[in-house]
Each structure stands twice: as C-alpha cells, then as structure tokens.
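Per-entry structural report
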Amino acid sequence: MSTTPTTDHTPLTEHCGDEVVTQVRREILDLPGTDGKVAVLTLHNDADKRPETLGPRSIDALLEAVSEVRELAEEGRVQAVMIEGTAPTFAAGVDLSLVRDLRGTDAPLEMIGSMGHEFVEAIRELPVPTLARVTGTALGGGLELALAADYRIGHPGTRNIGLPEIRLGLFPGWAGIFDLPRLIGPEQAVTVIFENPLNSNRTLTSEQAREAGILDALTEAGADDDAARPEALAWFGEVVTGRTEVHRPEAVDPDAALFAADTGAQDDPALRERWEQAVTRARQVVARKTAGASDAANTALELFAAGPQQTRADSRAAQIEAMGELVAGDQLPSALYAMLDLVTHRAKHPSMVPPSTEPRRIGRVGVVGAGLMASQLALLFLTRLQVPVMISDVERSRVDHGLETIRGELDKLVAKGRLSEEQAGQLGELVSGTVDTSDYADCDLVIEAVFEETSVKKEVFANLERSVGEDCILATNTSSLLVSEMVEDLAHPERVIGFHFFNPVAVMPLVEIVRTEHTDDQAVATAFDLAQRLGKVAVGARDSSGFIVNRILGVVLSEVGRDLDEGAPAQRISEALRSLGLPMDAFTLIDLVGLPIGVHLLESLRTYQGERFHVSGNFRRLAESKIRPIADRSGGLTPQAQELIEAEGEGKDAETIHTDAEEALAREITRMLEEGVVPDRADIDLAMILGANWPFFNGGITRYLDRVGAFDRI
C-alpha cells in the first residue's frame, strides 16, 4: 500500500516557483540495539543561512519521502523511521513570505491547511515506530511535524520551540491545536498556544520543552555535535525494544473524543474540569492581550475549547475550514507585514543610519543616576558589553543602593542559570559608583537617567561637558522632553544624542535614537551600533517631544482623558477603544504607564505640540490622590478612583469615542511624517509594535488606520 497523496496539489504548487524548497534526504542505517533498520529522513535546503520551511512544494517533497519509507516498512525492509532537521533548525513552519506573495494571485491558499494535515497523517499512519530528532528551531508547522511522530528527542541548548501562529494571524492548524493539549495537558498547552505568542512571542528552550513533555528526552551531545545523531538513534533503539520506557503522565487518547458536550454523559469529570479551567484561562489571556480583536486568537479559542469533545477527524475538518477563512481574511496580510516587512526586515535595516560613518568604540560607560532606570541601564551595558560601567548620584547612599541592586540582579541571573558564579563575580568587579562626575573622564559614553525635567538634565550635561574627554558621546534617556533644549548651552552639542530605552529595559526590545539638528553622524552611527550590540532594535527619530511611541500613546491618553472629563463612563471608553487592539484596556494601560508619568507626558506634549493634547483634570486629581490602581477588572475605574471623577454631561457615545480616537491618531501620525520625525510609516509601525506592544495582527498602527479608513476621513 502506498501513501502517495491522491489530492492534486498542482493548483497551489504551480504558483510556488520561487519557493526555497526543503528537500528530504533518505538514509537506511542500522538501528542500534536491534536487528532492524531505520530510515532517516533529513530535512535540508540549499539556501545559505535560511531555515528549512514548509511551503507547498516542500510538503509535496515530504509526502513523497514518507510514501517511499512506508513502502519500505510494509515490505519489512525498515523497522523504524527517524525524521531530523539540519542544525540549528528542525523546521521553521510554513513559508510566510510565500504566503504573502501568493495572496496577490489566484492560488488556492486554503489548500495549505489540508496539505499540512496530509503530511501529519502520513507520518502518524506509518506502520513502524517514528522519532522526530528536533535539531533546533521547531516553530509552528515544524513543531506540528514533530508532534506527528511517536517520539521526540532534542538536544541541550537549542531554542525556539513553540507555536507562534496566533501572533501571526493564524493558529496551529496542522493538528497542533488538537494534539498538544492531549500530549502535555490543557494547562501547559494554553501557555504554548496562547500565552507565549501573545507575550512578545516567547518560545521554549529544549530543556523547557523536555520539562513540559513536548520532548521525551534530550541527548548529552549538542545538536551540531557528531555524536548527537548516534546518541538519538541509540535512545530510539532502547525505546523500540522496550528497554527504555517513555513516561507521559499528561497524555490522553490522541484520537477519540474525551468527553461529550452534554455534561450528563461525561466519562472523566476531573479531566472535564481541568479542560474547562484551561479554556477559561485561555479566554482571559486572549481578552487581556487582544481585547477580543484578533480573529486568529478567537478562532484558536473556539477550536481549543471544542477539541476534547471532537474526534481527530472532526477537529481536522474544523481546522481546515477555519484556516481557509483566516488566509482569506483581512488580518493575515497585516500580520505578515508586521512580521516580514517590519520585524524581519526593517528592524535589521533601520533608516537614519549615516552611511559610511564608522561608529566609535565603546570601552567604558557611565550612567548618571542610581535609581531603578539607571540601574537597569547599567546592568544592560554591563552584561552585554562586559566593559567597565560607573554609576553616579548626588548622594553616596543612593549610589550604594544602586550598586546593591545591580549586583542583586547578577545574583538572580546566576540563579536562573544565565550566568555562572564566576561570570557574575567578574561582572560585579566591572561596576563601580561615584558622586563625582569628574570620574567619568575616561568614559567613551555617558548616558543620563535622572529626573525628567529639562533644567535638571541641562545641569547634568553642563557638568559632564566639563568632566569627560572631547570624544566622549553623551546620551539622554528622556522619554518626552526635547533633547535640543537640553544641549542649547553646551559648547559641543554635536556629540549629544537621545537614547530612549523602554521599561523594563531587559524585556522591551526597542530603543529610540533621537537626533537633534546639531548631532553629528558619528554619534548617530555609534548609537545604532551600540543598540545592536545591546540586543535591541533601534528606530531613529528627529528631535520632537515624545519622539515616536510616547507621542502616539499621548494621543490615546489625551483622548481618554478628554472623554472622561466630558462625562463618558470609564467602562464605555474602554469598550469603545477595544477594537483598536491595544494590549489592554485604556485604564489598565494608564496604571501600567503610571498616572503621574502619563500626566507629565501630556503636559510636555501640550507645551511643545499644542492644545490638541488635553491634560485631564480628572487625571491630575487621580495622580495627586496616589490611588493605585485606578482600573478595575471590567475596564472601568475602582470605586475609590470613581469618587474623584468630576464631569458634566453624559459624554460621547461609544461609536463617536472610537471614531474620534482613530482620527486623532491619524492626524498626529500625519503631522509626524510631515515634520520629518521619521522618514516613513514603517518606522512608526515598528516602534509601536516593539515599544507599545501594538498587536501584530493589526500590522502596525498605520496599517490598522488605513484599513478602517481613518486617514481618508481626516
């Protein structure tokens, strides 16, 4: 019997002439510890530094290879099959760039779903034991390929294992939404399918995947070690012969319905309860992270909730239908734009980098300030650059506290296994503190992170200019003030640059690099180079209050405050803005930013940008009251916060609130482009995704505003 697919894929594959095809190399080897043979299928392509992906022609190649080994197995010529990747990749899922390109053709994209299920079922139906050797990155369809095998083995130190689809406008639609919770339990599956993708696209290491139960074992040898494959095959032989038993405490029936929709016909009340609790948690995650505005996340929720009540065949049909709807929908191209054009391309090729300008070497760093932000910056410079870092403050006690904080964070990194004790000790020796800025004389870069007031920062820079060498670059971490005002009294303003990190520094990937009319090319080139060395994505901007992210967030805060002052209930405002896709409701966002910081931002924007930025009287009262938090769990205000609200009238209706917010955002972005704050929309979109967690599924803020017609309405 042959498993050569009877479905004709030509209507799709004929459009894929440019696909970088993942080929399958076959070897027949002895299976250690047995008298049998194992067919080894190795995924590979001929592209330099390009991961193996699973486009339509690649799937056809895999189906053909699996069909051939099935025939070998049926003839008794092989007794096992191992599928492996080419380190550092196993398989990186569907070829997203190909999907994007095919949307402009008459290609039947809905076939991608059914093709994926064909190869999953072809592997599952092989008549001999199967092993996936996960040699590295296994994302999306790549992990679903691995899940189709009977067993999975990985290697220590590999990364990027996960199901990121809902972040990209899809869902794990090659059986992952059905298979994973039945393998590792619904609770852990919620983390992998929902939480991780919606939390800055977290993925698992091989060790975490092993702990979760996705991988059955890890070899001692690394993925690129010559001993890795023999060790994996030896383990496979032990499993096949029964000498090694694979323990899967969370695994349940992989094919049948687990319980009926009717609670009276339940077979396992405890499992039903666990699953219902997991579904509730998944709904909470999606509501918190997408406000219900993501088609892909909503689809995944429906399929995940229905999974235990369905057979594999029923779920497969539902997945294929749902995938067809998503690939034809409006959000997928936006998500692909965010992923491919912004995060993959623009982030690696930023605008505003001076051509042919060599960055300055940074061998010693100073940080003015010893508070929370300054300590985070010092820790980042210390761990990433591994150069001497000196912090300063006006009082020695503050400096000592800052140093204690930094060394405490180093200890935490040791506890997490990210640093050895020896490394932490060496880094601890590199950090020092002072109360005298003249000690910065040998620094190549000094960044200030002091109180957000122009006069204070001007004084800091005046002191630094007297203390540092003539080649030292000076930077400010201001989030809303004009850099040009800080440097107007300096003799050498050309070496000062805005270097705005986001809080928490270790987590947020964005840094805004701000150039004044005085800043020279070397300072800018050094800042971009340094951002890359620090593991950050840099977006350049011309000097303007709020720069990119905070200027746009300021619009949201302004509109929310105005609506509140005019009498709209807080919950109505949150509901009205929900479809914008903000990472949380409006007042929870204000709590996260910190109301005093938000009011300060609005005051700064009003000073520099004009009265279109509204500083809410209610916000001022709430900030002065120090009530924390102001948001309740329903999108409204806590009773304590509500008592302080003063307003006349009933305010605008929800539709008007929503429309006004969209148009205010569109007008401000148009001004920013006209002022030359950034050269084009891509920089704004990238900055909002990385700096404000603007959702991928909306494709960046300008893409969203285009889709709803906001730019056309203004």
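Keep in mind it's a predicted model, so treat the numbers as computed, not measured.

**Topic: the overall build of the protein chain**
Helices and strands together make up the secondary structure of the protein chain, namely 29 helices and 17 strands. The C-alpha atoms of the protein chain give 28 Å as radius of gyration, which agrees with the globular expectation for 714 residues (27 Å, within 12%). Referenced to the eigenvectors of the C-alpha coordinate spread, the extents of the protein chain come out at roughly 85 × 60 × 50 Å. Within the protein chain, buried positions represent 57% of all 714 residues. For the protein chain, the share of sequence-separated contacts (at least 6 apart) that also reach a separation of at least 24 residues comes to 75%. Split by element, the accessible area of the protein chain, about 29300 Å² in all, is 46% carbon and sulfur. In the protein chain, which carries 67 positive and 114 negative side-chain charges, the distance between the mean positions of the two groups comes to 2 Å.

**Side note on the side chain of T478**
Topologically, T478 is positioned in the loop between β14 (473-476) and α18 (483-486). T478 gets classed as buried once you look at its relative accessible area, which sits at 1%. Polar side-chain contacts of T478 include one of 2.6 Å to the side chain of E452. Setting aside chain neighbours within four positions, we find T478 in contact with E448, E452, K457, V483, M486, H500 and F547.

**Considerations on the UniProt feature "domain: 3-hydroxyacyl-CoA dehydrogenase NAD binding" (unreviewed entry) in the protein chain**
Under the feature "domain: 3-hydroxyacyl-CoA dehydrogenase NAD binding" (unreviewed entry), the UniProt entry names residues 365-543. Regarding residues 365-543, the helix share stands at 42% and the strand share at 21%, and the terminal C-alpha atoms are separated by 24 Å.

**What to know about the packing of aromatic side chains**
Each pair of aromatic rings is reported with the distance of its centres and the angle of its planes. Evaluated as defined, the whole model comprises eight aromatic pairs. Between F119 and W174, the aromatic rings sit 5.3 Å apart at their centres with planes inclined by 85°, giving edge-to-face as the arrangement. Here W174 lies in the loop between β8 (161-162) and α6 (176-184) and F119 lies in helix α4 (residues 111-124), a separation of 55 residues in the sequence. Its relative accessible area of 1% is what places F119 among the buried residues. For W174, a relative accessible area of 5% corresponds to the buried category. One aromatic cluster is present, formed by Y151, W235 and F236 through successive ring pairs. Taking the ring centre of Y337 as reference, the NZ or CZ of R703 above it sits at 4.7 Å.

**What to know about the layout of surface pockets**
Roughly 290 Å³ of volume is contained in the second largest pocket. If you trace the second largest pocket, you find 14 residues lining it, with L147, A149, L183, R248 and P254 closest to the centre. Of all the elements in the fold, those that place two or more residues in the lining of the second largest pocket are α5 (141-148) and α6. With three residues, the single largest contributor to the lining of the second largest pocket is α6. Split into classes, the residues belonging to the lining of the second largest pocket amount to seven nonpolar, no polar and seven charged.

**Overview of the domain arrangement of the protein chain**
Partitioning the protein chain into structural domains gives domain 1 (9-341), domain 2 (365-547) and domain 3 (549-676). Computed from C-alpha atoms alone, the centre-to-centre distance between domain 1 and domain 2 is 43 Å.

**A word on the packing of helix α7 (residues 186-198) against helix α11 (residues 295-306)**
Closest axis-to-axis distance for the α7/α11 pair is 12 Å, and the angle between their directions is 160°. It follows from the interaxial angle that α7 and α11 lie roughly antiparallel. Read as a crossing pair, α7 and α11 show a hand that is right-handed. Between α7 and α11, the residues in contact are P186, A189, V190, I193 and F194 and A297, A300, L301 and F304, respectively. By residue class, the composition of the contact of α7 with α11 is nine nonpolar, no polar and no charged.

**Some points on the sheet that holds strand β2 (residues 37-44)**
Spatially, the six strands line up as an open sheet ordered β1-β2-β3-β5-β7-β9, and their pairing is mixed. Each edge of the sheet is formed by a strand with only one pairing partner; in this case those strands are β1 (23-30) and β9 (217-218). Note that β1 and β2 share eight bridges and pair antiparallel. When the sheet's bridge partners are listed, E27 is paired in β2 with V40.

**A look at helix α12 (residues 312-327)**
Side chains of residues three or four places apart in an α-helix project in the same direction, reflecting 3.6 residues per turn. If you check α12, its first and last C-alpha atoms are 22 Å apart, about what 16 residues at 1.5 Å a residue would give, namely 22 Å. The set of residues buried in α12 consists of R312, S315, Q319, A322, M323, G324, L326 and V327.

**Some thoughts on the pairing of strand β11 (residues 389-392)**
Of the two faces of β11, the one lined by V389 and I391 and the one lined by M390 and S392 are each fully buried. Where strand β10 (residues 365-368) lies against β11, four bridges are found, and the strand directions are parallel. Within β11, the position partnered with G366 by the bridge is M390. Once the chain exits β10 it traverses helix α14 (residues 372-385) before rejoining the sheet at β11, and the crossover so formed is right-handed. The pairing of β11 with strand β12 (residues 431-434) spans four bridges and is classified as parallel. In the sheet register, I391 faces β12, and the bridge partner there is G433.

**Describing the nonpolar core**
General note: in soluble globular proteins, nonpolar side chains tend to be found buried as a group. Of all hydrophobic cores here, the largest spans 158 residues; its most connected members are F119, F194, F304 and F587. Counting residues in each nonpolar core, the second largest holds 44 residues, with M373, A475, F501 and A527 among its members.

**So, the sheet that holds strand β6 (residues 137-139)**
Overall, parallel pairing links the three strands, which are arranged β4-β6-β8 in an open sheet. Every interior strand has two partners, whereas the edge strands, β4 (89-91) and β8, have only one. Where α5 meets the sheet, its contacts fall on β4, β6 and β8, and the angle it forms with β6 comes to roughly 95°.

**Let's talk about the packing of helix α13 (residues 331-346) against helix α27 (residues 681-692)**
Between α13 and α27, the shortest axis-to-axis distance is 10 Å and the interhelical angle comes to 95°. With respect to their mutual orientation, α13 and α27 come out roughly perpendicular. Packed against α13, whose contacting residues are Y337, A338, L342, V343 and R346, the element α27 presents A682, D683, D685, L686 and I689 at the interface. Split by residue class, the contact of α13 with α27 holds seven nonpolar, no polar and three charged.

**Focus: the confidence of the model for the protein chain**
Caution is warranted with low-pLDDT regions, since their predicted coordinates should not be read in detail. Averaged over every residue, the pLDDT of the protein chain is 93; the share at 70 or more is 98%. A low-confidence stretch, residues 1-5 stays under pLDDT 50, and its non-local contacts, those more than four residues away or across chains, total 11 contacts.

**Topic: the environment of A251**
Summarising the element assignment, A251 is placed in the loop between α9 (228-240) and α10 (269-290). Separated by 181 residues in the primary sequence, A251 and S432 place their C-alpha atoms 52 Å from one another. Dropping the residues within four chain positions of it, A251 is found in contact with R182 and L183.

**Section: unusual backbone geometry**
Cis rather than trans, the peptide bond between A87 and P88 has omega equal to 10°. Between R628 and the following residue, P629, the backbone shows a cis peptide bond with an omega angle of -5°. In this structure, P629 sits in the loop between α24 (617-625) and α25 (639-642). For N160, which is not a glycine, the phi torsion comes out positive at approximately 65°. Relative to the assigned elements, N160 resides in the loop between β7 (151-154) and β8. We classify N160 as partly exposed; its relative accessible area is 34%. One non-glycine residue with positive phi stands out, namely M352, at about 70°. Looking at the secondary structure, you find M352 in the loop between α13 and β10.

Rules used throughout
Counting restarts for each chain: residues are numbered from 1 in the order of the written sequence. Given that the model is predicted, a residue must reach a pLDDT of at least 70 before its local features are reported, and side-chain atom pairs must reach 80 or more before they are shown or counted; all residues, however, enter totals for whole chains, interfaces and linings. To obtain the side-chain values, all non-hydrogen atoms of the structure were used and water was disregarded. Each helix corresponds to a stretch of at least 4 residues labelled H or I by DSSP, and each strand to a stretch of at least 2 residues labelled E; elements are numbered beginning at the N terminus. Only C-alpha atoms enter the radius of gyration, while the globule expectation follows 2.2 Å times N to the 0.38, with N the number of residues. Exposure classes here rest on a 1.4 Å probe applied to the protein chains alone. A residue is buried below 20% of its type maximum, exposed above 50%, and partly exposed in between. Every residue pair with non-hydrogen atoms within 4.5 Å of one another is taken to be in contact. Calculation of accessible area relied on Shrake-Rupley with a 1.4 Å probe; when residues are assessed, cover is drawn exclusively from the protein chains displayed. In this tally Asp and Glu are treated as negative and Lys and Arg as positive; neither His nor the chain ends contributes. All charge positions are set by atom: Lys at NZ, Arg at CZ, Asp at CG, Glu at CD. For this analysis, a polar contact is any N or O atom pair within 3.5 Å, provided that within protein one partner can donate a hydrogen and the other can accept it, and provided that sequence-adjacent residues contribute only side-chain to side-chain pairs. UniProt positions are given in the numbering used here, feature names are shortened, and annotations may be inferred rather than shown by experiment. Pairing of aromatic side chains requires ring centres within 6.5 Å, counting the rings of Phe and Tyr and the six-membered ring of Trp. Pairs whose planes differ by under 30 degrees are stacked, by over 60 edge-to-face, and all others tilted. Geometrically, a charge over a ring is one whose NZ (Lys) or CZ (Arg) sits within 6 Å of the ring centre while staying within 35 degrees of the ring normal. Of the two site types, the cavity is a set of points on a 1 Å grid over the protein atoms alone where a 1.4 Å probe fits but cannot get out, and the pocket is an open set with protein on both sides within 12 Å along at least five of seven lines, each lined by residues with an atom within 4 Å of a point. Grid points are joined across faces, edges and corners, and a volume is the space filled by probe spheres set on the points. By the convention adopted, Pro, Cys, Tyr, Trp, Phe, Met, Ile, Leu, Val and Ala count as nonpolar, Lys, Arg, Asp and Glu as charged, and the other residues, Gly among them, as polar. An automatic or database domain assignment is the source of the domain bounds shown. Helix axes are fitted to C-alpha atoms over the stretch in contact, other axes to C-alpha atoms as well, and angles between N-to-C directions run from 0 to 180 degrees. Relative orientations are named as follows: roughly parallel for angles under 35 degrees, roughly antiparallel for angles over 145 degrees, roughly perpendicular for angles from 65 to 115 degrees, and oblique for any other angle. The hand of a helix crossing depends on one turn: near helix anticlockwise from the far one by less than a right angle means left-handed, and clockwise means right-handed. Following DSSP output, two strands are said to pair if at least two bridges run between them. One fewer than the residue count of a helix, multiplied by 1.5 Å, yields its expected span. Seen with the strands pointing away from the viewer, any crossover whose path from the first strand over the helix to the second strand runs clockwise is right-handed. As used in this record, nonpolar core signifies buried Ala, Val, Leu, Ile, Met, Phe, Trp, Tyr and Cys residues forming a set joined through side-chain atoms within 4.5 Å. Each residue carries a pLDDT score, the predictor's own confidence in it, on a scale running from 0 to 100.

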